[in-house]
Amino acid sequence: MKLLLLTLLLITTSVVRCQNTIAVSVDSKVTPIYELRIYEIFENNKKGFHDRFRNNAMEIMKKYNFKISSIWESKSDKKTEFVYLLEWTDEATMKKAWEQFRADKEWIEIKKQTSAKFGDLIGNIEDRVLTKMDYSPY
C-alpha cells in the first residue's frame, strides 16, 4: 500500500511539474524583434552594391543566422535607398550576429575588393530596432 501511495505521489508531482512547464512556456512566449536597415546607395554604382549584397553579404549573413524578411529599393528625387528588414529572437542575438558578421575575414576582404573596384557603395546608414505592438495585425 505504501509503495502504491508513493508511486501515485510521484506520478502526480511529475504531471504537475510538466503542466507548470507548459504554462510557463506559453506565458513567456518569445516575441521577436525586427531591425530595419536603410542604406543610401548611389546610382552610378548601385549594380556593384546589389551584386555584393546578393552574392556575398547574404551568404555570409546566413552563417550568423541573419533572417532577412524582405528587401526593397526606394527612390526619391534626392536619393536611392536600399531597405531591408531582419527578424531576430532578441536584441542580444542581433548584436552578437552583427559583431560576428563585421569581424568575418571573408566579408572584410570582399568589402576591400569591391571598394577598390567601385568606390564607396554606401552613403548614410540608418538602423532601427522595431518592437511589434500587441495590437499589430501581423
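Asker: Account for the side chain of Thr 114, with residues named and values stated.
Answerer: Along the chain, Thr 114 turns up in helix H4 (residues 105-118). Residue Thr 114 is classed as buried on the basis of its relative accessible area, which comes to 13%. Only 2.8 Å separates the side chain of Thr 114 from the side chain of Arg 52, close enough to count as a polar contact. The contact partners of Thr 114, leaving out residues within four places of it in the chain, are Arg 52, Gly 119 and Leu 121.

Asker: Account for the environment of Asp 90, with residues named and values stated.
Answerer: Considering the arrangement of structural elements, one finds Asp 90 in the loop between strand E3 (80-88) and helix H3 (91-103). The class of Asp 90 is partly exposed, set by a relative accessible area of 33%. It is 8.1 Å that separates the C-alpha atoms of Asp 90 and Thr 31, two residues lying 59 residues apart in sequence. Polar side-chain contacts of Asp 90 include one of 2.7 Å to the backbone nitrogen of Thr 93.

Asker: Could you give an account of H4, with specific residues and numbers?
Answerer: Taking 1.5 Å per residue as the helical rise, H4 with its 14 residues ought to reach 20 Å, and the 20 Å between its terminal C-alpha atoms agrees with that figure. Elements that come into contact with the buried residues of H4 comprise helix H2 (46-63) and H3. If you check the start of H4, you find a side-chain oxygen 3.0 Å away from the backbone N of Glu 106, and it comes from Asp 104. Just past H4, the residue Gly 119 takes up positive phi, approximately 85 degrees.

Asker: So what's going on with the layout of surface pockets? Which residues, and what values?
Answerer: Counted as a void, the largest pocket has a volume near 310 Å³. For the largest pocket, the lining is made up of 19 residues, of which Arg 52, Trp 107, Lys 111, Ile 122 and Ile 125 are closest to its centre. When residues of the lining of the largest pocket are traced back to their parent elements, those giving at least two are strand E1 (33-41), H2, H3, H4 and strand E4 (122-131).

Asker: Summarise the pairing of E1; cite the residues concerned and give the values.
Answerer: Counting buried positions along E1 yields eight of nine residues, so the element is predominantly enclosed. Looking at chain direction, E1 and E3 are connected through nine bridges and run antiparallel. Looking at E3, one finds that Glu 40 is bridged to Glu 81. Relative to E4, E1 is paired through eight bridges, and the arrangement is antiparallel. Its bridge partner lying in E4, Ile 38 is registered against Glu 126.

Calculation rules
Within each chain, residues carry numbers counting from 1 in the order of the written sequence. Only residues with pLDDT of at least 70 are given local features in this predicted model, and only at 80 or more are side-chain atom pairs given and counted; all residues enter the totals for whole chains, interfaces and linings. Neither water nor hydrogens contribute to the side-chain values; these are computed over all heavy atoms in the structure. Secondary structure elements are defined from DSSP: runs of H or I of at least 4 residues count as helices, runs of E of at least 2 residues count as strands, and each element is numbered from the N terminus. Only protein chains enter the accessibility calculation, which uses a 1.4 Å probe. A residue is then buried if its area is under 20% of the maximum for its type, exposed if over 50%, and partly exposed in between. Between N or O atoms, a polar contact is any pair within 3.5 Å; within protein, one atom must be a potential hydrogen donor and the other a potential acceptor, and residues adjacent in sequence are included only when both atoms are from side chains. Two residues form a contact once any of their heavy atoms are found within 4.5 Å. A helix is expected to reach a length of 1.5 Å times the quantity of its residues less one. Buriedness for pockets is judged along seven lines, at least five of which must meet protein on both sides within 12 Å for an open set on the 1 Å grid over protein atoms alone, while cavities are sets there where a 1.4 Å probe fits but cannot get out, and lining residues have an atom within 4 Å of a point. Grid points are joined across faces, edges and corners, and a volume is the space filled by probe spheres set on the points. At least two bridges found by DSSP between two strands is the condition for calling them paired.

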